[in-house]
Structure formats: C-alpha cells, structure tokens
Amino acid sequence: QVQLVESGGGLVQAGDSLRLSCAVPGRTFSSLAMAWFRQAPGKEREFVVGVRSGGGTDYADSAKGRFSISRDNAKNTVYLQMNSLKPDDTGVYFCAAGADTAFLRRREYLYWGQGTQVTVSS
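Since we're looking at a predicted model, the values are computed, not measured.

Trainee: Honestly, the overall build of the chain in this entry has me stumped. Any pointers?
Mentor: Counting its regular elements, the chain contains 1 helix and 11 strands. Reading the secondary structure of the chain in the N-to-C direction produces β-β-β-β-β-β-β-β-β-α-β-β. In terms of overall size, the chain behaves like a compact globule, its C-alpha atoms giving a radius of gyration of 13 Å where 122 residues would be expected to give roughly 14 Å. With respect to the three principal axes, the spread of C-alpha positions in the chain is 40 × 25 × 25 Å. Counting across all 122 residues of the chain, residues that qualify as buried make up 45%. Expressed as a percentage of contacts within the chain between residues at least 6 apart in sequence, the contacts between residues at least 24 apart total 58%. In the structure as shown, the chain presents an accessible area of about 6300 Å², 45% of it carried by carbon and sulfur atoms. Mean positive and mean negative side-chain charge positions of the chain (14 and 11 charges, respectively) differ by 4 Å.

In structure tokens:
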C-alpha cells in the first residue's frame, strides 16, 4: 500500500500563486509515476498534470504555461507549482501515484491522496 499526503491548498486571489506538495513515504517513490487531478464542484475529476518515473511530464491544456510539476526523489515528494491562478482553477486537488502506464494513459492511477482544497477568488 502506498500512502500519499498532500498539503499546500488554500484560499487565494486570482493571479496569485500556490504550491501543492504530495509526500509519499517509503522506498518506492522513484519508481512511481505521479500526477495531479482536480475536481470542481459539480464536475468530474479531471487530469491536470503528470510526471513519469523518469521525469517526463504531461500537462492538460488548462495547465500549460501556468502550472509546473516537479519531483524530488530524495524527499519522496512531488510538487505542483500553480501560477496566474484563475477562479476556474478552484477545486479539490488530488495527488495520484501509479505505474508509468497510468502516466501514458492519464488514468488508472492506483493510489490517491485525500485531496486538498484550492479556492481562487475573483
């Protein structure tokens, strides 16, 4: 079982920045693909960005140019830097972990965090 612990959510104004963190205790982190998903009120959960075990990244169109994912294998942590936030970015952000096949498909991630709320006011 892989545990994911998210942090960094909060209430910000449009145009502000926020950084989310997801810690993955244990020895398997470097072999995992990691991703961030989000779910807005009344909407389905959607893919935001992913990073494969080797470091390659994949961004949803909504995240390109504003969001950046990075991983620190020494700290077993993945980060999501979000800049120029918009009210449409509001939602619960979930960290996910899985095999690189999940990265390629943007789905079928096996492990999920509890979610962290991000609210962007206009």
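Trainee: What am I meant to see in the nonpolar core here?
Mentor: Among soluble globular proteins, nonpolar side chains are generally buried collectively. Residues Met34, Trp36, Val78, Met82 and Tyr93 are the most contacted members of the largest nonpolar core, which totals 27 residues. Elements represented by at least two residues in this core include exactly strand S3 (18-23), strand S4 (33-39), strand S5 (46-51), strand S7 (67-72), strand S8 (77-82), strand S9 (91-98) and strand S11 (116-121). When near neighbours in sequence (up to four residues on either side) are disregarded, Met82 contacts Asp16, Ser17, Leu18, Leu20, Arg66, Phe67, Tyr93 and Val118. Counting residues in each nonpolar core, the second largest holds 9 residues, with Ala35, Phe37, Ala60 and Tyr109 among its members.

Trainee: Sorry, what's going on with the state of the cysteines here?
Mentor: Here is the idea: a disulfide is a covalent bond, and it sits between the sulfur atoms of two cysteines. In the structure shown here, the tally under the stated rule is 1 disulfide. Put simply, Cys22 and Cys95 are joined by a disulfide, and their sulfur atoms are 2.1 Å apart. Between Cys22 and Cys95, the S-S torsion sits near -85°, and that sign places the bridge as left-handed. Of this pair, Cys22 sits in strand S3 while Cys95 is found in strand S9, placing the two residues 73 residues apart along the sequence.

Trainee: Please clarify how the pairing of S11 should be interpreted in this entry.
Mentor: Look at any regular strand and the pattern is simple: side chains alternate between the two faces of the sheet. A one-sided burial pattern is seen for S11, the buried positions being Thr116, Val118 and Val120 and the unburied ones Gln117, Thr119 and Ser121. Here 4 bridges tie strand S2 (residues 10-13) to S11, and the two strands are oriented parallel to one another. Bridged to Gln13 within S11 is Ser121. For S9 and S11, the ladder comprises 3 bridges, and the chain directions are antiparallel.

Trainee: Teacher, can you tell me more about the environment of Ser53 here?
Mentor: Its place among the elements puts Ser53 in the loop between S5 and strand S6 (57-59). Counting along the chain gives 33 residues from Ser53 to Lys86, while the straight-line C-alpha distance between them is 29 Å. Excluding residues within four positions of it along the chain, Ser53 makes contact with Ser30, Ser31, Leu32, Ala33, Arg71 and Asp100. Here Asp100 takes part through its side chain, which lies 2.8 Å from a polar atom of the side chain of Ser53.

Trainee: I tried to follow the pattern of salt bridges on my own but got confused; where do I start?
Mentor: If the charged atoms of two oppositely charged side chains come close together, the side chains can form a pair. All chains considered together, the criterion is met by 7 salt bridges. Here Asp89 makes a salt bridge to Arg38, at a shortest N to O gap of 2.9 Å. Of this pair, Asp89 sits in the loop between S8 and S9 while Arg38 is found in strand S4, placing the two residues 51 residues apart along the sequence. Residue Asp89 is classed as buried on the basis of its relative accessible area, which comes to 1%. One continuous salt-bridge network, built from bridges that share partners, spans Arg38, Glu46, Arg66 and Asp89.

Cut-offs and rules
Residues numbered from 1 in each chain as written. Predicted model: local features only at pLDDT ≥ 70, side-chain atom pairs only at ≥ 80, totals over all residues. Heavy atoms only, no water. Helix = DSSP H or I, 4+ residues; strand = E, 2+ residues; numbered from the N terminus. Rg over C-alpha atoms; globule rule 2.2 N^0.38 Å. Buried < 20%, exposed > 50% of the residue type's maximum accessible area, 1.4 Å probe, protein only. Contact = heavy atoms within 4.5 Å. Areas by Shrake-Rupley, 256 points an atom, 1.4 Å probe, with all protein chains shown as cover. Lys, Arg positive; Asp, Glu negative; His and termini not counted. Charge placed at Lys NZ, Arg CZ, Asp CG, Glu CD. Core = buried A, V, L, I, M, F, W, Y, C linked by side-chain atoms within 4.5 Å. Disulfide = S-S within 2.5 Å. Pairing = 2+ DSSP bridges. Polar contact = N/O pair within 3.5 Å; in protein donor to acceptor, adjacent residues only side chain to side chain. Salt bridge = Lys/Arg side-chain N within 4 Å of Asp/Glu carboxyl O.

From the geometry alone we can't say anything about function, so treat these as descriptive.
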